[in-house]
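Take a look at the letters that make up each chain.
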Amino acid sequence: MIKLLNVYKEYITEDEKITALSDINLDLEVSGFVSIVGPSGCGKTTLLNMIGGLDQPTSGDLYFNNQNTKSYTDHDWDTYRNQKIGFVFSCFTCNI
């Protein structure tokens, strides 16, 4: 089970603060198929990077199997990515 509660992600540059995700609440069951769709720039990759343990929320909570990941050590994240999560990268072909 993966759960996100009130998740925000902001990127701060020298000139501005960019909000990539704002107040995301999501509850994914143990098994099933989920698609994340939306227009370019809406935060899909940011969301998936957080679920995959590649990035952390600016605020809010991410739970895996009812455990808040805020307490995860680097070793816990390595184990999570190695044993619990998988990635399928999108690709495309173009015949010119």
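These numbers come from a predicted model, not from an experiment.

Asks: Looking at this structure, I do not really get the nonpolar core. What am I missing?
Replies: The nonpolar side chains of soluble globular proteins are, as a tendency, buried together. Grouped together as the largest cluster of nonpolar side chains are 13 residues, with contacts concentrated most on Ile2, Leu4, Ile51 and Tyr80. Sorting the residues of this core by element identifies strand 1 (2–12), strand 2 (17–28), helix 1 (44–51), strand 3 (59–64) and helix 2 (74–83) as the ones contributing at least two each. What Ile2 contacts, discounting residues up to four positions off in sequence, is Leu26, Asp27, Leu28, Ile51, Leu62, Tyr63, Phe64, Tyr80 and Ile85.

Asks: What is the right way to look at the pattern of salt bridges in this model?
Replies: Charged atoms that come close allow side chains of opposite charge to pair. Counting across every chain of the model gives 4 salt bridges. Measuring nitrogen to oxygen at the nearest pair gives 3.9 Å for the salt bridge that ties Lys17 to Glu10. The class for Glu10 is partly exposed, based on a relative accessible area of 24%.

Asks: Which parts of the structure should I look at to understand the packing of aromatic side chains?
Replies: Two measures describe an aromatic ring pair: the distance that separates the ring centres and the angle between the ring planes. This structure, assessed with the given rule, holds 4 aromatic pairs. A centroid spacing of 4.9 Å and a plane angle of 80° characterise the contact between Phe64 and Tyr80, whose relative ring orientation is edge-to-face. Of this pair, Phe64 sits in strand 3 while Tyr80 sits in helix 2; the two residues are 16 residues apart in sequence, bridging distant segments of the chain. An angle of 65° between the planes, with centres 4.8 Å apart, marks the rings of Tyr72 and Trp77 as edge-to-face. Since its relative accessible area comes to 14%, Tyr72 is described here as buried. Taken together, the ring pairs in this structure connect Phe64, Tyr72, Trp77 and Tyr80 into an aromatic cluster.

Asks: Sorry, what's going on with the sheet that holds strand 4 (residues 67–68) here?
Replies: Working definition: the strands of a sheet are paired by backbone hydrogen bonds and lie parallel or antiparallel to each other. Ordered by their spatial adjacency, 4 strands build an open sheet running 2-1-3-4, and the pairing between neighbours is antiparallel. Whereas interior strands pair on both sides, the edge strands pair on one side only; in this sheet they are strand 2 and strand 4. Strand direction decides the pairing type here: strand 1 and strand 2, joined by 8 bridges, are antiparallel. Across the sheet, residue Leu4 finds its bridge partner in strand 2, namely Leu26.

Asks: Would you mind going over the layout of surface pockets with me for this structure?
Replies: Gaps left between atoms show up when a probe the size of a water molecule is rolled over them. Considering only enclosed or pocket space, the largest pocket measures out at about 1,000 Å³ in volume. Around the largest pocket, the lining is made up of 26 residues, and of these Val34, Ile36, Leu48, Ile51 and Gly86 lie nearest the centre. Counting residues per element, the lining of the largest pocket draws most heavily on helix 1, which supplies 4 residues. Its residues assigned to classes, the lining of the largest pocket comprises 15 nonpolar, 9 polar and 2 charged.

Asks: Please clarify how the side chain of Asp61 should be interpreted in this entry.
Replies: Along the chain, Asp61 turns up in strand 3. Within the structure, Asp61 has its side chain in polar contact with the side chain of Lys70 (distance 3.1 Å). In this structure, Asp61 is in contact with Lys3, Leu4, Leu5, Val7, Asn68 and Lys70, ignoring residues within four places of it in sequence.

Rules of the game
- Residues numbered from 1 in each chain as written.
- Predicted model: local features only at pLDDT ≥ 70, side-chain atom pairs only at ≥ 80, totals over all residues.
- Heavy atoms only, no water.
- Core = buried A, V, L, I, M, F, W, Y, C linked by side-chain atoms within 4.5 Å.
- Buried < 20%, exposed > 50% of the residue type's maximum accessible area, 1.4 Å probe, protein only.
- Helix = DSSP H or I, 4+ residues; strand = E, 2+ residues; numbered from the N terminus.
- Contact = heavy atoms within 4.5 Å.
- Salt bridge = Lys/Arg side-chain N within 4 Å of Asp/Glu carboxyl O.
- Phe/Tyr/Trp six-rings, centres within 6.5 Å; stacked < 30°, edge-to-face > 60°.
- Pairing = 2+ DSSP bridges.
- 1 Å grid on protein atoms, 1.4 Å probe; cavity = no way out; pocket = protein on both sides within 12 Å on 5 of 7 lines; lining within 4 Å.
- Points joined across faces, edges and corners; volume = space filled by probe spheres on them.
- Nonpolar A, V, L, I, M, F, W, Y, C, P; charged D, E, K, R; others polar.
- Polar contact = N/O pair within 3.5 Å; in protein donor to acceptor, adjacent residues only side chain to side chain.

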